[in-house]
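Examining the three-dimensional arrangement
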Amino acid sequence: MLSAGLNIVGFSWITSPAATELEMIVLDWLAKMLKLPEDFLSAGQGGGVIQGTASEAVLVVLLAARDKVLRRVGKDALEKLVVYASDQMHSSLQKACQIAGIHPENCRLLKATSSTNYALSPEFLSETISQDLTIGLIPFFLCATVGTTSSTAVDPLLSLGKIAKSNGMWFHVDAAYAGSACVCPEFRHYMDGVEEADSFNMNAHKWFLTNFDCSALWVKDRSAFVQALSTNPEYLKNKASQANMVVDYKDWQVPLGRRFRSLKLWMVLRLYGLENLQCYIRNHIKLAKHFENLIAQDPRFEVVTPRIFSLVCFRLLPVRNDESHGNKLNHQLLDAVNSTGSAFISHTVLSGKYILRFAVGAPLTEEKHVNAAWKVLQDKATSLLAESL
Ligand code: PLP
């Protein structure tokens, strides 16, 4: 019974009505937990769908947006379409552009700097759009991020969304990682302005206790998906679909076949409930704050960008202000820590600086683990600094 229940192939409603109906219901629940605008709920023109990954989510919204604008301006205009995001946007947008036939030179990844804590500047966006319009290009898609991959920067959704709207562009919000935190009222403000968005995405499989894969995507106008992605071969025709009474998720995604992923999310929401999920998130953020405080007490280190969620971006300060040696030193520190096998840190580069990243995100992490990881970091830093004298 268990495997038969899980192993459905729910491409259209008729093949497994329960899979489709439950997906609509749990995504409405999650949308309400995130306080998404009502337009994203399934009762109106919008609704949610579970994609495999955030990369698939941005691809399908880009395809929907592309076809929507091409219906307006004519399909010969493909080479004039321009996409905008900050250079901190996840590489999935670039891949989506490659697949969607957006010309690589029309993919504007606007430089975000430390002056905005690596968030996209609305002024810079406006200027770039104006320049593109002057030379006859067609701005059609803006992607903002709540919680960038490198440093969890938060783009200013409200101002960006207004710019997108005034230019007739599709506005997508990628909150793959940080969306989970927004179920807590005290962090919800990071997605203020989402009412301007056409689509919103968060990965329940990242930080929401749901097994991979489960990427929740909401859209305000589901017909945009259907118009871009629907096919209607004879062998899939059935009364329910033809009467237009049901949602066929095959028209909201790339593959035809799909699994019963909503069952996992249903289980998570029913098992933990909102309060426990909020506690889970808050505890990780508290532990990251604790780590941040430990760093602040050691003058050899610095926190590089303000910590917002459960990721701390930090580094060992370069000796004698030698930035290139500092980069080497931090790289060596990362290798030294990771080779112990007792902690695993990752890295990024921001404004040319090699940065270490400490992320709290595992269900079993406690303060003692954070302290132990910090001890390893300090010990390895002491040895490296002694060697580099
Ligand atoms: N967007 C953001 C902000 C991410 O951090 C990531 C992954 O790290 C992605 C998109 C891509 O996620 P996925 O593996 O679900 O495609």
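Residues numbered from 1 in each chain as written. Predicted model: local features only at pLDDT ≥ 70, side-chain atom pairs only at ≥ 80, totals over all residues. Heavy atoms only, no water.

1. Topic: the overall build of the protein chain
Basically, it comes down to this: Helix and strand labels come from DSSP, where a helix needs a run of H or I of at least four residues and a strand needs a run of E of at least two; each type is numbered from the N terminus. Our radius of gyration is a C-alpha quantity, and the globule rule it is checked against amounts to 2.2 Å times the number of residues to the power 0.38. Partly exposed residues are those whose accessible area sits between 20% and 50% of the maximum for their type, while under 20% is buried and over 50% is exposed, using a 1.4 Å probe and protein chains only. Only heavy atoms enter the contact rule, under which two residues are in contact if any of them lie within 4.5 Å.
The number of helices and strands found in the protein chain is twelve helices and eleven strands. Relative to the 2.2 N^0.38 estimate, which gives 21 Å for 389 residues, the radius of gyration of the protein chain is 23 Å and therefore close to what a compact globule would have. Here the C-alpha coordinates of the protein chain stretch approximately 75 × 60 × 35 Å along the principal axes. Of all 389 residues assigned to the protein chain, the portion counted as buried reaches 55%. Counted over contacts in the protein chain with a minimum sequence separation of 6, partners at least 24 positions apart contribute 72%.

2. Remarks on the sheet that holds strand β8 (residues 301-303)
Note the cut-off: Following DSSP output, two strands are said to pair if at least two bridges run between them. To obtain each axis, a line is fitted to C-alpha atoms, and for helices this fit is confined to the stretch in contact; angles are then taken between N-to-C directions over 0 to 180 degrees.
One open sheet holds the four strands; their spatial order is β8-β9-β11-β10, and the pairing between them is antiparallel. Of all the strands in the sheet, the pair left with one neighbour each is β8 and β10 (346-350). Going across the sheet, the axis of each strand differs from the next one's by a mean of 40°, ignoring polarity. Bridge analysis of β10 against strand β11 (residues 353-359) gives five bridges, and the strand direction is antiparallel. What sits directly across from T348, in β11, is I355. Sheet strands in contact with helix α10 (residues 262-296) are β8, β9 (311-316) and β11, and its direction is about 15° off that of β9.

3. With respect to the site of the ligand
What counts here: Any residue with a heavy atom lying within 4 Å of a molecule or strand is counted as near it. Within 3.5 Å is the distance limit for a polar contact, defined as a pair of N or O atoms, with the added protein rule that one can donate a hydrogen and the other accept it, and that residues adjacent in sequence qualify only through two side-chain atoms. Computed with the Shrake-Rupley method and a 1.4 Å probe, the accessible areas treat only the protein chains shown as cover for residues.
Around the ligand sit T53, A54, S55, H90, T145, G147, T149, D174, A176, N203, H205 and K206, and those are all the residues in its vicinity. One of the side-chain nitrogen or oxygen atoms of T149 is found 2.9 Å away from an oxygen atom of the ligand. Within the side chain of K206, an N or O atom sits 3.5 Å from an oxygen atom of the ligand. In the complex, 82% of the free accessible area of the ligand, which totals 390 Å², lies under the protein chains.

4. What to know about the pairing of strand β6 (residues 199-203)
Note on strand geometry: in a regular strand, side chains alternate between the two faces of the sheet. A large share of β6 lies buried, amounting to five of its five residues. Residues S199, N201 and N203 of β6 are buried on one face, and the alternating residues F200 and M202, pointing to the opposite face, are buried as well. In this sheet, β6 lies alongside strand β5 (residues 170-174) in parallel orientation, the contact comprising three bridges. Residue pairing for β6: D174 is matched across the bridge by N201.

5. Some words on the domain arrangement of the protein chain
Just so we agree on the cut-off: Where each domain begins and ends follows an automated or database-derived domain assignment. Two parts lose some accessible area (1.4 Å probe) when they are put together, and adding that loss for both gives the buried area. Note on residue categories: nonpolar means Ala, Val, Leu, Ile, Met, Phe, Trp, Tyr, Cys or Pro, charged means Asp, Glu, Lys or Arg, and polar means any other residue, Gly included.
As far as domains go, the protein chain holds domain 1 (1-272) and domain 2 (275-387). Domain 1 and domain 2 are separated by 32 Å when their C-alpha centres are compared. At the junction of the two partners, domain 1 supplies 27 residues and domain 2 supplies 21 residues. Of the roughly 2100 Å² buried between domain 1 and domain 2, counting both surfaces, carbon and sulfur atoms make up 67%. For the pair domain 1 and domain 2, the interface holds nine residue pairs in polar contact (both at pLDDT 80 or more). Broken down by element, the residue count for the side of domain 1 that touches domain 2 peaks at three residues, all from α10. For the side of domain 1 that touches domain 2, a count of residues per class yields 17 nonpolar, nine polar and one charged.

6. Considering the sheet that holds strand β4 (residues 138-145)
Strand order in the open sheet formed by seven strands is β1-β7-β6-β5-β4-β2-β3, and the pairing between neighbours is mixed. The open sheet has two edge strands, β1 (47-51) and β3 (107-110), and neither has a second partner. Within the sheet, the average angular offset between the axes of one strand and its neighbour, ignoring direction, is 20°. The pairing of β6 with strand β7 (residues 215-219) spans five bridges and is classified as antiparallel.

7. Brief notes about the UniProt feature "modified residue: N6-(pyridoxal phosphate)lysine" (unreviewed entry) in the protein chain
Keep this limit in mind: UniProt positions are given in the numbering used here, feature names are shortened, and annotations may be inferred rather than shown by experiment.
Under the UniProt annotation, the feature "modified residue: N6-(pyridoxal phosphate)lysine" (unreviewed entry) is placed at K206. Structurally, K206 can be placed in helix α7 (residues 204-207). Residue contacts for K206: discarding those within four places in its chain leaves A176 and Y177.

8. Considering the environment of Q227
Here Q227 shows up in helix α8 (residues 223-229). In the structure, Q227 is positioned 160 residues away from D67 in sequence and 7.8 Å away in space, judged by C-alpha atoms.

9. Quick word on the packing of aromatic side chains
Quick note on the threshold: Only rings of Phe, Tyr and Trp enter the pairing, Trp through its six-membered ring, and a pair is recorded when the two centres are within 6.5 Å. The plane angle decides the type: under 30 degrees is stacked, over 60 is edge-to-face, the rest tilted.
Inspection of every chain in the model, using the stated rule, returns twelve aromatic pairs. Considering the side-chain rings of F291 and F358, the 3.7 Å spacing of their centres and the 10° angle between planes classify their relative orientation as stacked. With F291 in helix α10 and F358 in strand β11, this pair connects stretches of sequence that are 67 residues apart. Residues F291 and F358 agree in their burial class; the two are buried.

10. What about helix α11 (residues 323-340)?
Going by this rule: Take the residue count of a helix, subtract one, and multiply by 1.5 Å to get its expected span.
Relative to the 26 Å expected for 18 residues at 1.5 Å per residue, α11 spans 26 Å between its end C-alpha atoms, a close match to the ideal helical length. Listed in full, the buried residues belonging to α11 are G326, N327, L329, N330, L333, L334, A336, V337 and N338. The elements touched by buried residues of α11 are β8, β9, β10, β11 and α12 (367-387). Among the residues of α11, the N-terminal cap falls to D322, whose side-chain oxygen and the backbone nitrogen of S324 are separated by 3.3 Å. Just downstream of α11, G341 is the residue with a positive phi angle, here 80°.

11. Quick word on the nonpolar core
In a soluble, globular protein the nonpolar side chains are often hidden away together inside. The following threshold applies: Grouping buried Ala, Val, Leu, Ile, Met, Phe, Trp, Tyr and Cys residues that are joined through side-chain atoms within 4.5 Å yields what is termed a nonpolar core.
Among the nonpolar cores identified, the biggest contains 66 residues, and L34, F200, F208, W218 and L265 are the most heavily contacted of them. Of the residues that make up this core, three or more belong to each of domain 1 (1-272) and domain 2 (275-387). Those residues within four positions of F200 in sequence are excluded, and the remaining contacts are L34, L36, F40, H172, V173, A175, M191, V194, A216, L217 and W218. Of all hydrophobic cores here, the second largest spans 37 residues; its members include L63, I102, C107 and Y249.

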